[in-house]
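# Report on the structure
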Amino acid sequence: METKILTISSDTGIEERISSLSEAGEIIQKGGLVAFPTETVYGLGGDALNPESSRKIYEAKGRPSDNPLIVHIADIDDLNNIVSEVPDFAKRLADKFWPGPLTMVFNKSDKVPYQTTGGLNTVAVRMPSHKLARDFIKAAGGYVAAPSANLSGKPSPTSAKYVIQDMMGRIDMIIDYKSDEDMDIGLESTIVDTTGDKPMILRPGYITRKMVDDIVGETDIDVTIMNADSKVAPKAPGMKYRHYAPKGELVLVAGDADRAIEYINKQIAAYSKDGKRTGIIGIDEFIDRYNADSVKNAGSKEAPEQMAQRLYTFLREFDDENIEYMYAHVCSEIENSGLGQAVMNRLLKAAGHKIVRLD
Ligand code: AMP
Ligand code: MG
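Residues numbered from 1 in each chain as written. Chains lettered and ligands numbered in written order. Predicted model: local features only at pLDDT ≥ 70, side-chain atom pairs only at ≥ 80, totals over all residues. Heavy atoms only, no water.

Right, let's get into the packing of aromatic side chains. Overall, the coordinates contain three aromatic pairs when judged by the stated rule. Seen in terms of ring centroids, F36 and F136 are 4.7 Å apart; in terms of plane orientation they differ by 40°. Their pairing is tilted. With F36 in strand β2 (residues 34–36) and F136 in helix α5 (residues 131–139), this residue pair connects regions lying 100 residues apart in the sequence. The exposure class assigned to F36 is buried, which follows from its relative accessible area of 1%. On the basis of an interplanar angle of 10° and a centroid distance of 3.9 Å, the ring pair of Y271 and Y325 is categorised as stacked. Taken together, the residues Y271 in helix α8 (residues 257–273) and Y325 in strand β15 (residues 325–330) connect sequence positions 54 residues apart. Directly above the aromatic system of Y114 lies the positively charged group of K108, at a separation of 4.2 Å from the ring centroid. (Phe/Tyr/Trp six-rings, centres within 6.5 Å; stacked < 30°, edge-to-face > 60°. Helix = DSSP H or I, 4+ residues; strand = E, 2+ residues; numbered from the N terminus. Buried < 20%, exposed > 50% of the residue type's maximum accessible area, 1.4 Å probe, protein only. Lys NZ or Arg CZ within 6 Å of the ring centre and 35° of its normal.)

As structure tokens, this is what we get:
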């Protein structure tokens, strides 16, 4: 299949932007697939109400079809068409966090095919804050099913370059948005299940548990989120799959900074001696102290949002650089912050839960 790359930048004139987006929207309405930017990561969009489109999304990603898709909307009034009920606390969360990086799970209406929900009676819905994403969703008819635009198992793409790497020849169009504007989060949305008595966080993200608590009073969290070998199945089916993983082996190192840096450098030195290519994701405050073939600066220990923004790019770059052994240094400041929980969840998955704790 030929994949058209549509470039839109902040300099693109309004008329050209509208005609480009209507071309993209038409592809969706005809049952095709278009990758588009959002404020979290790039999405791989298809018509959420067309079962054949959802089937194509699974095929393009190589994703198991029991892993449900998130339906993206651009207008809150469209929510009622695809869900059977919106509990009061979900209305309050939508008021506060939509448009934005929050996905909510509801009981679905008959309009949503089971192909989109991975066979579930529930549907996950999000309204992105990214303006271009919302304009695209409107042009596409209002309901765009979109997982992250990566091949299954790989890190989610935070730039068009990596969408092109994974999806060229597999989908109809990729919107290459040449602007940093709005795509500033870098991790997938927080997922909250609203079908129980209380909201339950199924996947941590930029919207933290505390932020949800502040609106609704009390929130549960799926126990499987941080757990290595829990026998309990995660409530968000996608969380059970290997995810976000680089090709090489990643190990996390937590605890006292001096000891962690010493430990990491020692391990790396041993691998280097064997002729292996090595990488480190390090903290800005200590960046001069790490030694490896590739050292990535994850930003300040006081600013987990920087690590969130950069993480997937680093994992992809390690692949591009053929790095075989990697260490990520995680400080307690990051681990203990609200957003740090989302960062740790992705890091733990990328590392296959390999973590060394030095106290
Ligand atoms: P991705 O689109 O790659 O960010 O993945 C979507 C995530 O949303 C997956 O982890 C899914 O398991 C989760 N999800 C989608 N729909 C539902 C649902 N109805 N119930 C629970 N989790 C869902
Ligand atoms: Mg994904």
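The next thing to look at is α8. With 17 residues, α8 extends 24 Å between its outermost C-alpha atoms, agreeing within 8% with the 24 Å of an ideal straight helix rising 1.5 Å per residue. Those residues of α8 that fall on the buried side of the exposure criterion are A257, A260, I261, I264, N265, I268 and Y271. All buried residues of α8 fall inside an arc of 125° around its axis, so they share one side. When the buried face of α8 is taken as reference, the exposed residues oriented beyond 90 degrees from it are E262, K266 and K273. Of the surrounding secondary structure, the elements contacted by the buried residues of α8 are β12 (249–255), β13 (278–282), β15 and β16 (355–358). Capping the start of α8 is the job of one residue whose side-chain oxygen sits 3.4 Å from the backbone nitrogen of D258: D256. Following α8 by one or two positions, G275 has its phi on the positive side, about 80°. (Expected span 1.5 Å × (residues − 1). Arc of directions from axis to C-beta. Contact = heavy atoms within 4.5 Å. Polar contact = N/O pair within 3.5 Å; in protein donor to acceptor, adjacent residues only side chain to side chain.)

Moving on, we come to the nonpolar core. Within the largest apolar cluster, 61 residues are counted, with the highest numbers of intra-cluster contacts made by L93, W98, M104, F106, V125, F136 and I175. Among the elements that make up this core, the one with the highest residue count is helix α4 (residues 88–97) (five residues). Excluding anything up to four places from it in sequence, V125 contacts I70, V71, I73, L79, I82, V83, W98, L102, T103, M104 and F106. Grouped together as the second largest cluster of nonpolar side chains are 44 residues, I287, M307, A308 and A351 included. (Core = buried A, V, L, I, M, F, W, Y, C linked by side-chain atoms within 4.5 Å.)

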